[in-house]
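Residue strings, one per chain:
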Amino acid sequence: MAPTLGQRLGELRQSRKWTQSEVAQRLRVTAAAVSAYERDANQPSLEVLKRLAALYGVSADFLLGIDNTAAPERARQGEELASRLQQLARDFAQYMRDS
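Residue numbers run consecutively from 1 along every chain, following the written order of its sequence. Note on the predicted model: pLDDT of at least 70 is required for a residue's local features to be given, and 80 or more for side-chain atom pairs to be given and counted; whole-chain, interface and lining totals, by contrast, use all residues. The basis for every side-chain value is the complete set of heavy atoms in the structure, and neither hydrogens nor water enter the calculation.

Student: How should I be thinking about the packing of aromatic side chains in this particular structure?
Tutor: One pair of aromatic rings is described through two measures. These are the centre distance and the angle between the planes. Paired rings are identified among Phe, Tyr and Trp, the last through its six-membered ring, by centres lying within 6.5 Å, and are further divided according to the angle between planes into stacked (under 30 degrees), edge-to-face (over 60) and tilted (the rest). The full count for this structure, using the stated rule, is 1 aromatic pair. Seen in terms of ring centroids, Trp-18 and Tyr-56 are 5.8 Å apart; in terms of plane orientation they differ by 25 degrees. Their pairing is stacked. Of this pair, Trp-18 sits in the loop between helix H1 (5–15) and helix H2 (20–27) while Tyr-56 sits in helix H4 (residues 46–56), and the two are 38 residues apart along the sequence. Only lysine NZ and arginine CZ atoms are considered, and such an atom sits over a ring when it is within 6 Å of the ring centre and within 35 degrees of the ring normal. Directly above the ring of Phe-62 sits Arg-8, whose terminal nitrogen or CZ lies 4.5 Å from the centroid. The ring of Trp-18 is capped by Arg-16, whose NZ or CZ atom sits 5.9 Å from the centre of that ring. Note on conventions: DSSP H or I runs of at least 4 residues are helices, E runs of at least 2 residues are strands, and numbering of each starts at the N terminus.

Below you can see the structure in the form of structure tokens.
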């Protein structure tokens, strides 16, 4: 089963070693609101959802479970693809020189 919004929020916060109070200050909401979001007892407003996505560096789609690839993972995949393409271009250039 896919993680809920609250589970994702809790995991993201804990991975940064932030308290709910610290997140609340950054979002300009109460610590009780952050706790409610993480327990799935309440849903953030659209504005707070946008701020959460920006704060954690992920998309709203990731937070909502629409896209299960977090932004850092997607960036890593893009970097790997770019690296493979560069190696392919070098290999092709070497092949052309050797032919």
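Further notes follow.
Student: Teacher, can you tell me more about H2 here?
Tutor: The periodicity of an α-helix, 3.6 residues per turn, causes residues three or four positions apart to be oriented the same way. A 1.4 Å probe rolled over the protein chains alone gives each residue an accessible area, and that area as a share of the maximum for its type sets the label: buried under 20%, exposed over 50%, partly exposed in between. Residues of H2 that are buried include every one of Val-23, Ala-24 and Leu-27, and no others. Buried residues in H2, looked at end-on, bunch into an arc of 100 degrees, giving them a common side. Residue Arg-28 follows H2 closely and has a positive phi angle near 65 degrees. Arc definition: directions from the helix axis to the C-beta atoms.

Without other data, these values stay purely geometric and don't point to any function.
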